[in-house]
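Chain and residue survey
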Amino acid sequence: MSQISLTFPDGSLREYPSGITASEVAQSIAPSLAKAAISAQLDGAHYDLAWPITADAKIAINTLKDDDAALELIRHDFAHVMARAVQEIWPDVKVTIGPVIKDGWYYDFDREEPFTPEDLGVIEAKMKEIINRRDPVRTEIWERERAVAFYEGNNEPYKVELINSIPGDEPLRMYWHGDWQDLCRGPHLQHTGQLPADGFKLMKVAGAYWRGDSSRPMLQRIYGVAFKDRKALKAHLLMLEEAAKRDHRKLGREMDLFHMQEEAPGQIFWHPNGWTIYTQLQDYMRRQQTKGGYVEVNTPQVVNRVLWERSGHWENYQEHMFIVEVDEEHAREKTVNALKPMNCPCHVQIYNVGLKSYRDLPLRMAEFGSCNRYEPSGALHGIMRVRGFTQDDAHIFCTEDQIEAETERFIEFLRNIYADLGFENFTIKFSDRPEQRAGEDAVWDRAETALANATKAAGCEYTLNPGEGAFYGPKLEFVLTDAIGRDWQCGTLQVDFVLPESLDATYIGADGGKHRPVMLHRATLGSFERFIGILIESHAGKLPLWLAPQQVVVASIVSDADDYVYETVAALQAAGLRAKADIRNEKINYKVREHSLAKIPVILAVGAREVADGTVSVRRLGDNRTQTQPLAELIEELRIEATPPDLR
RNA sequence: GCCGCUGUAGCUCAGCUGGUAGAGCACAUCAUUCGUAAUGAUGGGGUCGGGGGUUCGAGUCCCUUCAGCGGCACCA
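Before going into details, it helps to say that this report is about the structure given with it. Keep in mind the model is a prediction, meaning the values are calculated, not measured.

Taken in spatial order, the three strands line up as E11-E12-E13 in an open sheet, and their pairing is antiparallel. At either end of the open sheet lies a strand with only one pairing partner, and these are strand E11 (137–142) and strand E13 (180–183). In this sheet, adjacent strand axes meet at a mean angle of 25° when their direction is disregarded. The pairing of E11 with strand E12 (residues 172–177) spans six bridges and is antiparallel. In the sheet register, tryptophan 142 faces E12, and the bridge partner there is leucine 172. Running at roughly 125° to E13, helix H3 (residues 67–89) makes contact with E12 and E13 of the sheet.

Turning our attention to the sheet that holds strand E31 (residues 552–556). Ordered in space as E32-E31-E33-E34-E35, the five strands form an open sheet in which the pairing is mixed. Either end of the sheet is taken by a strand with one partner, and the two such strands are strand E32 (579–582) and strand E35 (626–630). Each strand of the sheet is rotated relative to its neighbour by a mean of 30°, with strand direction disregarded. The sheet contact formed by E31 and strand E33 (residues 602–606) spans five bridges and is parallel.

On to the protein's contact with RNA strand B, then. The environment of RNA strand B is formed by 53 residues, the closest being Met342, Asn585, Arg593, Ser617 and Arg619. Taking the atoms of RNA strand B that fall within 4 Å of the protein, sugar and phosphate contribute 53% of them. Tyrosine 590 places a polar side-chain atom, nitrogen or oxygen, 3.1 Å from a phosphate oxygen of RNA strand B. Alanine 608 places a main-chain nitrogen or oxygen 3.3 Å from a base oxygen of RNA strand B. Those elements that place two or more of their residues in the surface near RNA strand B are strand E14 (200–209), strand E15 (218–226), helix H8 (248–254), helix H11 (313–316), helix H18 (588–597), helix H19 (608–613) and strand E34 (615–620). Of the residues forming the surface near RNA strand B, the biggest block, seven residues, is contributed by H18. Tallied by class, residues from the surface near RNA strand B come to 22 nonpolar, 16 polar and 15 charged.

Residue placement: tryptophan 180 occurs in strand E13. Along the sequence, tryptophan 180 and arginine 84 sit 96 residues apart, while their C-alpha atoms lie 6.4 Å from each other. Not counting the four nearest positions on each side in its chain, tryptophan 180 is found in contact with His80, Ala83, Arg84, Gln87, Val95 and Tyr175. Here the side chain of tryptophan 180 touches glutamine 87 through a polar contact of 2.8 Å, side chain to side chain.

A few words now on the packing of aromatic side chains. The final tally for this structure, using the stated rule, is 29 aromatic pairs. Centroid distance tryptophan 270 to tyrosine 278: 5.6 Å. Interplanar angle 65°. Geometry classified as edge-to-face. Among the aromatic side chains, those forming a connected cluster through ring pairs are Tyr294, Phe410, Phe413, Tyr418, Phe423, Phe426, Phe478 and Phe531. Across from the ring centre of tryptophan 90, 4.4 Å away, lies the NZ or CZ of arginine 111, which sits over that ring.

Here the focus is the environment of asparagine 62. Within the secondary structure, asparagine 62 is located in strand E7 (residues 57–63). On the basis of relative accessibility, which here comes to 4%, the residue asparagine 62 falls in the buried class. Distance in space between the C-alpha atoms of asparagine 62 and serine 39 is 5.2 Å, their sequence separation being 23 residues.

As a packed pair, helix H13 (residues 403–420) and helix H14 (residues 441–457) sit with axes 8 Å apart at the nearest point and diverge in direction by 40°. As far as their axial angle goes, H14 and H13 are oblique. Crossing handedness for the pair H13 and H14: right-handed. When H13 is examined against H14, the residues Ile403, Glu404, Thr407, Glu408 and Ile411 are found in contact with a partner set consisting of Ala450, Leu451, Asn453, Ala454, Thr455 and Ala457.

Two side chains bearing opposite charge may form a pair once their charged atoms approach each other closely. Here the structure, examined in full by the defined rule, presents 39 salt bridges. With a shortest N-O distance of 3.9 Å, aspartate 48 and arginine 173 are connected by a salt bridge. A residue pair is termed long-range when its members are at least 10 positions apart, and aspartate 48 in the loop between strand E5 (45–47) and strand E6 (52–53) and arginine 173 in strand E12 qualify at 125 residues. Comparing aspartate 48 with arginine 173 shows no difference in burial state: the two are buried. For arginine 287, the salt bridge goes to aspartate 646, with nearest N and O atoms at 2.7 Å. Here aspartate 646 lies in the segment after helix H20 (631–641) and arginine 287 lies in helix H9 (residues 272–291), a separation of 359 residues in the sequence. Judged by relative accessible area, arginine 287 falls into the partly exposed class, the value being 25%. Look at aspartate 646 and you get buried, because its relative accessible area is 15%. Salt bridges linked by common partners bring Arg84, Glu88, Lys126, Glu129, Arg133, Asp135 and Asp179 together as one network.

Conventions used here
- Residues numbered from 1 in each chain as written.
- Chains lettered and ligands numbered in written order.
- Predicted model: local features only at pLDDT ≥ 70, side-chain atom pairs only at ≥ 80, totals over all residues.
- Heavy atoms only, no water.
- Pairing = 2+ DSSP bridges.
- Helix = DSSP H or I, 4+ residues; strand = E, 2+ residues; numbered from the N terminus.
- Axes fitted to C-alpha atoms, helices over the stretch in contact; angles between N-to-C directions.
- Contact = heavy atoms within 4.5 Å.
- Near = heavy atom within 4 Å.
- Polar contact = N/O pair within 3.5 Å; in protein donor to acceptor, adjacent residues only side chain to side chain.
- Nonpolar A, V, L, I, M, F, W, Y, C, P; charged D, E, K, R; others polar.
- Phe/Tyr/Trp six-rings, centres within 6.5 Å; stacked < 30°, edge-to-face > 60°.
- Lys NZ or Arg CZ within 6 Å of the ring centre and 35° of its normal.
- Buried < 20%, exposed > 50% of the residue type's maximum accessible area, 1.4 Å probe, protein only.
- Parallel < 35°, antiparallel > 145°, perpendicular 65-115°, else oblique.
- Left-handed = near helix turned anticlockwise from the far one by under 90°.
- Salt bridge = Lys/Arg side-chain N within 4 Å of Asp/Glu carboxyl O.

This is how it looks when you write it as structure tokens:
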């Protein structure tokens, strides 16, 4: 048999007979390594230990100590162990797929009866039992006909469908964990006993469509999380608990920011506190937009269907629109209008008034546009996904040549704003041409290149979302993450070749002829509602002073200080600070606690001493120390701190 | 929209196998003037999400509907 040479991570080289397994290689180094080994990397790719090696390669033996490889493997094996447990308990359940995801895995099952939360405990117990069996894992490569016949015989139609969708040249790997079998890419652990039996937890059951297709059957998905040991699992569960405390829905109530109610699902009742945040943010954005070369406009809420027909929304977006029928007295039939779900068609109407010259381009038209969309009921989520919202929207009318420069300019605009608001980290997703699209490929080529170049020129990285662009053009999405780790698209920039055409926007070029502008739809925050939700969660409610609804509360310690409290509040308010008095007949402990829970950034306590000295005792949110200082000095300090970042 | 779960006082929640609602906090009144995360006493407050049904009797069982939550799908 021929020899192969394997290079180890430390650079050393060893000769082995071809066909040797990674497990045997590990054994040749140290029996303890062979025991601890979980998988191998060959030239960077991940393999089972039992995989025969037939060519020279760089090899690394993974053990549970190797974080990434180990967690990936552990979670993958847990998915199998869970599926096995489910089938051992309910033999008639059909298995489908079960991939590794962030922090864990899920597995989708087809079963008539719903899994109950109690079932999860039963499954967990069975999983522990399976782990304790320490069943060896073995794998075989099968011909697809044999595999199809096998799964048909076992009444596993989903597996048959999977095999039929795997490209013909890919080998099919069949895995056995003891006597339980699954089709899988692998790799897997040596035996189930390598799994940390106290390092996992089944989290929730949810419905999920087979192959993500809403026209296909709904399966039951069980989610689990897994870590290397009990300690890491507990840390993760604790983190989830902490994250739940930052939920904007909870903080919104506690801080008295807003509420929502049944009569207006997906719409927000902003309370004075919440509305203060909103207006501060809007004022800030208005200043930024003015500086950024935008003109601001405002357009109607209720618009006749005729315009929506011309823009294409009536055909493509009608089911998401609130339709308003008006029975006008002298009209033969009802007038049909819709609340605007987007601002773009209205902006084109403004653009279209009067002739535009190439000298007017790029024309950046902004609106804090109130939109209403009839979002599917299941999509609603606090103030992050609502039916009534306001975008910090703008449309840039420009030439095709200007796309790249305008895109770069926008990314820089957005990045500055995000930085001001405390978001140094965001991700960019680049969605390119979908299958179904309007326009010529050559134009798409140029537009996609322009977006990619502009992103790079702005010094940003992006991840590709292949085929996810709008039918009218490619787009960039700027994504922020909420407290629980869910991603939300906030900013966006979308190239549009279609709407200028359908609404007949033109400009007069240098050649004296009429030309089509390109439109860039862009939003920085996205919607104020969603962005404020993210803002609340990322700060855990402790907003920077300039955004905090109530900035200062002045609390009396004794009632003799009441007059001084009012004087102090008046002085703070005169300096432009949002301050209020608390002279209730309560102990200072009580007041401090209450205002701290309400997330008021600065608490001033005043008693006899402060009255006599003209000082205040200052306590900052999140800090249990206090500091006494002259009122005038504090006001100067707070005034600077409360200035919005762009005005400092 | 789909699957599952939930819906009792402003908030957080209890209410066993059906017998006609309960706690803490909050609120109000009174007492207390107390130095940095809950002072005490007293009191008011709920057609148990809405509608229908079973029953002598329903917060508890059934149907239906609305909303919320967790996913999935959607997200021009």
